[in-house]
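Structural overview
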Amino acid sequence: MIIILVGYFYKSVYFAVSVVFGGFSPIRAPGYGWTKGRCFELSRVPDYISGILRTLETAGFQALLVGGCLRDMLLDRPIHDWDIATSARSQDIISLFPKTVRTGERFGTVMVVNGEGTAEVTTFRSDGAYSDGRRPDSVAFVSDLYEDLKRRDFTINAMALGEDGALVDPYGGREDLERQVIRCVGDPASRFSEDALRMFRALRFSAQLGFEIDADTRAAIEKCAGLCAALSAERVRDETEKILLSERPERAGTALSLELYQGRIKDGALTDGKLRRLAALPKEAGLRWCAFCALLFAENLIHSPSDFLREMRLDTKTVRDGAAGVKAAQEPLPESWTDIKRLLAKQGIQAVRCAAAAEKALRDTNALETVSDVLESGECFSVRQLAITGDDLMEYGFKKGIILGNTLKALLAYVIENPQDNRRKLLIELAQEIRL
């Protein structure tokens, strides 16, 4: 007992000194030896998250920030979700907080709901075998944080930070952040055999963070790439979309060259230069999927844009607009505003924007900027934008039917060429002349 008290006294004094002088503090992770780690400022942690950590610790449980929120905090990146790992079991968590939601009971995850936000709180666990290549067959809840970190995919996601600012980092994740490297925890081939999606995740983190993939990890991806053929289209779609929406969409080309798209895209390659053009597009999934699809189609790596987008389980509108955009971009888009307005009238806004995005990827033009200028101008390109309606014309003797519809189309064609004449009185006069 005396030895334990002396140890705690030594740790407290050392930690306090390190905070004052900015040095290093030894961190004791339960169940294993002393490791060196830095004391981190927790000013970016919202009060309600600190409150959850303190509530768990006050009740006698360990509680630490883990996963992406910690990684992004150390990188000073935006944090969207907060994840806490704890030695408390689900029932303990539920009893400690007034409002909770069981989001993953099998995996020991409870969402703690607060007026300021939410946090996923998960019991320390170790995973059994992954016979389906996606989820562990069994989960064992443990009291050792080290066991929980050992099951994670990459070192930069296998760190934990306590409310005292002490970092637990048994696999060198902090160093890998500084080196800007994506490296698996343990044997990379084993990690990828457990869940093949981790290969896509490696490329996704590389794309989002600008990190390189560790040589051993990359070699394992090349070796295990065939496992990706069994992944569901939805999971591949989600990771691919995150890559395409990143600042480095060319990593989708890396995934292609590593043969991660087996059974979905033919063997081949896309040049980094053309894929990098996607980074200049707005961060809209539909536009970037269309541009990616246009490049694949141009290289004969897919048979049909619509079939490919549909097989990737994209929504009906994205499939329709994306396929129409790729088709329209097979020829250069018009440069004049009048012709662009005609195209907008025929194809619709999103299909034309998709076509312009595809043209950016294929020929590096500024078509999307021109389309945006036309849209922002407010000039008329649809019947809905005309200064008169069908009801207006019916007041002047027009009847519902083909004649009324054709009259509106004729007025639209006129206004597209003469945008300054989109005025109610003038259009009524023109409609009467057309009827005569």
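The notes below deal with the structure included here.

Turning our attention to the overall build of the protein. The number of helices and strands found in the protein is 21 helices and 13 strands. Looking at the protein as a whole, 48% of its 436 residues are labelled buried. Counted over contacts in the protein with a minimum sequence separation of 6, partners at least 24 positions apart contribute 63%. Put simply, the protein shows about 21,200 Å² of open surface, and 50% of that area lies on carbon and sulfur atoms.

The subject of this paragraph is the side chain of T155. Turning to its location among the elements, T155 is positioned in the loop between α5 (145-150) and β10 (160-162). A polar side-chain atom of T155 sits 2.6 Å from a polar atom in the side chain of D176.

This paragraph deals with helix α10 (residues 233-244). Its 12 residues give α10 an end-to-end C-alpha distance of 16 Å, which sits within 8% of 16 Å, the value for a rise of 1.5 Å per residue. Regarding α10, the residues found buried are A233, R235, V236, R237, E239, T240, I243 and L244. Elements that come into contact with the buried residues of α10 comprise α8 (197-209), α11 (251-257), α13 (285-298) and α14 (305-311).

The subject of this paragraph is the pattern of salt bridges. One pass over the full model with this rule turns up 33 salt bridges. Two residues, R237 and D238, come together in a salt bridge whose shortest N-O distance is 3.0 Å. For R237, a relative accessible area of 18% translates into the label buried. A salt bridge links D364 to K360, with the shortest nitrogen-to-oxygen separation between them at 2.9 Å. Each of E250, R251, D272 and R276 takes part in a single network of salt bridges with overlapping partners.

So, about the packing of aromatic side chains. Within the structure shown, the criterion is met by 5 aromatic pairs. Through a chain of ring-to-ring contacts, three or more aromatic side chains come together here, namely W289, F292 and F308. Above the ring of F205, the side-chain terminus of R204 is found at 4.6 Å from the ring centroid.

In sheet architecture, strand pairing relies on hydrogen bonds along the backbone and comes in two forms, parallel and antiparallel. Pairing is mixed across the open sheet formed by 7 strands, whose spatial order is β5-β6-β7-β4-β3-β10-β11. Lying at the two open borders of the sheet, with one neighbouring strand each, are β5 (100-104) and β11 (167-168). Sheet topology note: the strand β3 (residues 63-66)/strand β4 (residues 83-86) ladder contains 3 bridges and is antiparallel. Bridging from a neighbouring strand, L65 pairs with I84 of β4. This element, helix α2 (residues 47-58), spans β3, β4, β6 (109-114) and β7 (117-123) of the sheet and lies at about 35° to β7.

The end-to-end C-alpha separation of α13 is 20 Å, in line with the 20 Å expected for 14 residues at 1.5 Å each. Of all 14 residues that make up α13, 11 are buried, and the element is covered over most of its length. Of all the residues in α13, the buried ones are G286, L287, R288, W289, C290, A291, F292, C293, A294, L295 and L296. Once α13 ends, the next one or two residues include N300, with phi positive near 60°.

Next up on the list: the state of the cysteines. As enumerated under the stated definition, the model contains 0 disulfides in all. Of the cysteine sulfurs around C228, a residue in no disulfide, the closest is that of C224, at 8.9 Å. No disulfide involves C354; its sulfur sits 4.4 Å from the nearest other cysteine sulfur, which is in C290.

The subject of this paragraph is the pairing of β3. Working note: regular strand, side chains alternate between the two faces of the sheet. What you see with β3 is no split at all: A63 and L65 on one side and L64 and V66 on the other are buried throughout. Where β3 meets β10, 3 bridges bridge the pair, whose relative direction is antiparallel. Note on β10: the bridge partner recorded for L65 is L161.

The next point concerns the environment of G322. Looking at the element boundaries, G322 is found in helix α15 (residues 316-328). Judged by relative accessible area, which is 1%, G322 ranks as buried. Taking C-alpha positions, G322 is 7.5 Å from L287, a pair spaced 35 residues apart along the chain.

Let us look at the nonpolar core. A general tendency of soluble globular proteins is for nonpolar side chains to be buried together. Residues I52, L65, I84, L260, F292 and F308 are the most contacted members of the largest nonpolar core, which totals 99 residues. The element best represented in this core is α13, accounting for 9 residues. Setting aside chain neighbours within four positions, we find L260 in contact with M199, F200, L203, I221, A225, C228 and A255. By size, the runner-up hydrophobic cluster in this structure holds 16 residues, among which are F398, L408, I428 and A431.

Our focus in this paragraph is the packing of α13 against helix α17 (residues 349-363). The N-to-C vectors of α13 and α17 enclose an angle of 50°; their axes lie 8 Å apart at closest approach. Considering their axes alone, α13 and α17 lie oblique with respect to each other. Between α13 and α17 lies a crossing of right-handed hand. Residues G286, L287, C290, A291, A294, L295 and A298 of α13 pack against Q350, R353, C354, A357, A358, A361 and L362 of α17. Counted by class, the contact of α13 with α17 contains 11 nonpolar, 2 polar and 1 charged residues.

Thresholds applied
- Residues numbered from 1 in each chain as written.
- Predicted model: local features only at pLDDT ≥ 70, side-chain atom pairs only at ≥ 80, totals over all residues.
- Heavy atoms only, no water.
- Helix = DSSP H or I, 4+ residues; strand = E, 2+ residues; numbered from the N terminus.
- Buried < 20%, exposed > 50% of the residue type's maximum accessible area, 1.4 Å probe, protein only.
- Contact = heavy atoms within 4.5 Å.
- Areas by Shrake-Rupley, 256 points an atom, 1.4 Å probe, with all protein chains shown as cover.
- Polar contact = N/O pair within 3.5 Å; in protein donor to acceptor, adjacent residues only side chain to side chain.
- Expected span 1.5 Å × (residues − 1).
- Salt bridge = Lys/Arg side-chain N within 4 Å of Asp/Glu carboxyl O.
- Phe/Tyr/Trp six-rings, centres within 6.5 Å; stacked < 30°, edge-to-face > 60°.
- Lys NZ or Arg CZ within 6 Å of the ring centre and 35° of its normal.
- Pairing = 2+ DSSP bridges.
- Axes fitted to C-alpha atoms, helices over the stretch in contact; angles between N-to-C directions.
- Disulfide = S-S within 2.5 Å.
- Core = buried A, V, L, I, M, F, W, Y, C linked by side-chain atoms within 4.5 Å.
- Parallel < 35°, antiparallel > 145°, perpendicular 65-115°, else oblique.
- Left-handed = near helix turned anticlockwise from the far one by under 90°.
- Nonpolar A, V, L, I, M, F, W, Y, C, P; charged D, E, K, R; others polar.

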